[in-house]
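For reference, the chains in residue letters:
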Amino acid sequence: MAVYTQIGAEEMAALVSEFDVGELVSAKGIAEGVSNSNWLLDTTGKDGRGARFILTMYEFRIELEDLPYFLSLLDHLAAKGCPVPRTIHDRDGALFRRRGEKALALIEFLPGVSVSEPTVAQARAVGAALAQMHGAAADFSGRRANGMGLGEWQRLFDACGADGLAAIDPALAGLVGEHLPRVAAGWPEGLPRSVIHADLFPDNVLMLGDKVGGLIDFYFACNDLMAYDVAVTHAAWCFDATGRNFNADISQALLAGYEAVRPLSADERAALPLLAQGAALRFTSSRAYDWLNTPADALVVRKDPMAFARRLQFYAANPAIFEKSVFT
């Protein structure tokens, strides 16, 4: 989440009036994240007791034709009992509204906190919630290709160029050149698929103690390999922010929590080391591009690409962490 576009108080109040959520009380920009502009809104609520929502403006890496997929998915998963926010439809029943060439959607606010240092119990709960989501999405009718797949990693690295990657870190271009072709050549395609979140970082999970209160920010969701989603979540949760320190206990708990709900097949488990390297490359590529191209006046925190380049190196050197005996 972030704020790239500014909206004045009068326009914000007019936008809120298009939904049956009461009158706007306050709006606060949210600085975290990288792809959308987001605001935390407080309103009087339909009953006058107050209510809270997230307003999202879709800025880039999201095609507007994909919005019905994302927003309908939230409604589908919520109806299945998954801890996800509902889409608030406007007074005409629409999932989103247009603002020039951009679109805005109002999303239910869920309570909880995003943890920076997860406990073993929290990691286990996140693994279980991810597996629950994969199962609940099995009969979702929407279809969307992964817009941040292998081809996009290559495009983003190419757009950065060797000089740009070197400006981030002198070793980065060499790491990409060493690992990307090998990962692409070995990428598995025949593993089980469902809707995947594809971005389940700690800041996209709201915890209520040791329980998952909400999975949020589904704007990279797509139909892809469930084991890849496990790998993305593993890369996001099992290291410190720098990517230098791996937490084996969190790793084991996350994977065991997932398998308690949906056991991985032998082929999926065998593919996890390569999938995890792919996950690390995916976030290295987008972070590198954003590092070089984020506008100076954007209310957004740039994220270090090397934190995932280090994860890439770790996964390449330590495939045994995904062996069945390690996390059961």
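See the structure above.
The rules we used
In this numbering scheme, every chain counts its residues from 1 along its sequence in written order. Given that this is a predicted model, residues contribute local features only at a pLDDT of at least 70 and side-chain atom pairs are listed and counted only at 80 or more, while totals for whole chains, interfaces and linings are drawn from all residues. In computing side-chain properties, one takes all heavy atoms of the structure into account and sets aside hydrogens as well as water. Here a helix means four or more residues in a row that DSSP labels H or I, a strand means two or more in a row labelled E, and each is numbered from the N terminus. The globule rule is 2.2 Å times the number of residues to the power 0.38, and the radius of gyration it is compared with is taken over C-alpha atoms. Whether a residue is buried, partly exposed or exposed follows from its accessible area with a 1.4 Å probe, protein chains only, as a fraction of its type maximum: under 20%, in between, or over 50%, in that order. Only the protein chains shown count as cover for residues, and all accessible areas are computed by the Shrake-Rupley method using a 1.4 Å probe. Asp and Glu are treated as the negative residues and Lys and Arg as the positive ones, with His and the ends of the chain left uncounted. A charged residue contributes its charge at one atom only: NZ of Lys, CZ of Arg, CG of Asp or CD of Glu. For two strands to count as paired, DSSP must find a minimum of two bridges between them. Geometry of aromatic contacts follows a simple scheme: Phe, Tyr and Trp rings, the Trp one being its six-membered ring, pair when their centres are within 6.5 Å, and the pair is stacked under 30 degrees between planes, edge-to-face over 60, tilted otherwise. Geometrically, a charge over a ring is one whose NZ (Lys) or CZ (Arg) sits within 6 Å of the ring centre while staying within 35 degrees of the ring normal. Expected span of a helix: the number of residues minus one, times 1.5 Å. Fitting axes to the seven residues ending at a residue and to the seven starting there, one defines the bend at that residue as the angle between these axes. Under this scheme, a helix contributes an axis fitted over its contacting stretch, all axes are lines through C-alpha atoms, and angles between N-to-C directions fall in the 0 to 180 degree range. In what follows, roughly perpendicular refers to angles from 65 to 115 degrees, roughly parallel to angles under 35, roughly antiparallel to angles over 145, and oblique to any angle outside these ranges. Take the far helix as your reference; a near helix turned counterclockwise from it by less than a right angle gives a left-handed crossing, and one turned clockwise gives a right-handed crossing. Whether two residues touch is decided by their heavy atoms; if any such pair falls within 4.5 Å, the residues are in contact. For this classification, Asp, Glu, Lys and Arg are treated as charged, while Ala, Val, Leu, Ile, Met, Phe, Trp, Tyr, Cys and Pro are nonpolar and the rest, including Gly, are polar. For this analysis, a polar contact is any N or O atom pair within 3.5 Å, provided that within protein one partner can donate a hydrogen and the other can accept it, and provided that sequence-adjacent residues contribute only side-chain to side-chain pairs.

Asker: Describe the overall build of the chain, with residues and values.
Answerer: Each helix and strand counted, the chain has nine helices and ten strands in total. The globule rule puts the C-alpha radius of gyration for 328 residues at 20 Å, and the 20 Å found for the chain is close to it. Counting only C-alpha atoms and orienting by the principal axes, one finds that the chain spans roughly 55 × 45 × 35 Å. Considering the chain as a whole, with its 328 residues, one finds that 55% of them fall into the buried category. Per element, the accessible surface of the chain, about 13800 Å² overall, is 52% carbon and sulfur. Looking at the chain, you have 29 positive and 40 negative side-chain charges, and the mean spots of the two groups are 3 Å apart.

Asker: Would you mind going over the pairing of strand β6 (residues 102-108) in detail, with residue names and values included?
Answerer: With five of its seven residues buried, β6 lies for the most part within the structure. Of the pairings in the sheet, the one linking strand β3 (residues 51-58) to β6 comprises five bridges and is antiparallel in character. Looking at β6, one finds that threonine 56 is bridged to alanine 105. Bridge count for strand β5 (residues 97-99) against β6 is three bridges, and the pairing is antiparallel. Bridge assignment links arginine 98 to a residue of β6, and that residue is alanine 103.

Asker: Kindly report on unusual backbone geometry, identifying the contributing residues and their values.
Answerer: With the exception of glycine, most residues fall at negative phi, and the peptide bonds are largely trans. At alanine 198, a position not held by glycine, the phi torsion is positive, near 75°. Given a relative accessible area of 6%, alanine 198 falls into the buried group.

Asker: Hey, could you go over the packing of aromatic side chains for me, with residue numbers and the actual values?
Answerer: Under the definition given, this model contains 15 aromatic pairs. Ring geometry for phenylalanine 239 versus phenylalanine 246: centroids 5.3 Å apart, planes at 55°, classification tilted. By relative accessible area, phenylalanine 246 is classed as partly exposed at 22%. With 5.4 Å between their ring centres and 85° between their planes, phenylalanine 239 and phenylalanine 314 make a pair best called edge-to-face. With a gap of 75 residues between them, phenylalanine 239 in the loop between α6 (226-237) and α7 (248-261) and phenylalanine 314 in helix α9 (residues 306-317) connect regions that are remote in the sequence. Given the relative accessible area of 9%, phenylalanine 239 is considered buried. Linked through ring pairs, Tyr58, Tyr69, Phe70, Phe140 and Tyr219 together constitute an aromatic cluster. A cation over an aromatic ring shows up here: arginine 52 above the ring of phenylalanine 109, its NZ or CZ 5.4 Å from the ring centre. When the ring centre of phenylalanine 220 is taken as origin, the NZ or CZ atom of arginine 282, which lies over that ring, is 4.9 Å away.

Asker: Can you explain helix α8 (residues 266-293)? Please cite residues and give values.
Answerer: Taking 1.5 Å of rise per residue, the 28 residues of α8 would be expected to cover 40 Å, and the 41 Å separating its terminal C-alpha atoms lies within 8% of that figure. In the structure, α8 departs most strongly from a straight axis at leucine 272, where the bend amounts to approximately 50° and where the proline proline 273 lies between one and four residues downstream. With 21 of 28 residues buried, α8 lies mostly within the body of the structure.

Asker: With reference to specific residues and values, describe the packing of helix α3 (residues 120-136) against α6.
Answerer: Here α3 crosses α6 at 155°, and the two axes come no closer than 11 Å. The angle between α3 and α6 falls in the class roughly antiparallel. Crossing geometry of α3 relative to α6 is assigned as right-handed. Within the contact between the two elements, α3 uses Val126, Leu130, Met133 and His134 and α6 uses Met226, Asp229, Val230, Thr233 and Trp237. Of the residues assigned to the contact of α3 with α6, the class counts are six nonpolar, two polar and one charged.

Asker: Help me get a handle on α7, residues and values and all.
Answerer: Here α7 is 14 residues long and its end C-alpha atoms lie 21 Å apart, about the 20 Å a rise of 1.5 Å per residue gives. Turning to α7, its buried residues are Ile250, Ser251, Ala253, Leu254, Leu255, Ala256, Gly257, Tyr258 and Glu259. Summarising the contacts, the buried residues of α7 are in contact with α3, α6 and α8. One side-chain oxygen of the residue at the start of α7 lies 3.1 Å from the amide nitrogen of aspartate 249, identifying that residue as asparagine 247.

Asker: I'd like a description of the environment of threonine 284, backed by residues and values.
Answerer: Summarising the element assignment, threonine 284 is placed in helix α8. Given a relative accessible area of 2%, threonine 284 falls into the buried group. Once residues within four sequence positions are removed from consideration, threonine 284 is found in contact with Phe157, Leu172, Pro305, Phe308 and Ala309.

Asker: Summarise the environment of leucine 200; cite the residues concerned and give the values.
Answerer: Turning to its location among the elements, leucine 200 is positioned in the loop between β7 (193-196) and β8 (205-208). We classify leucine 200 as buried; its relative accessible area is 0%. Each C-alpha atom, one on leucine 200 and one on serine 251, is 14 Å from the other, the two residues being 51 residues apart in sequence. In contact with leucine 200, other than residues within four places in its own chain, are Val126, Leu130, Val205, Leu215, Val232, Thr233, Ala236 and Trp237.

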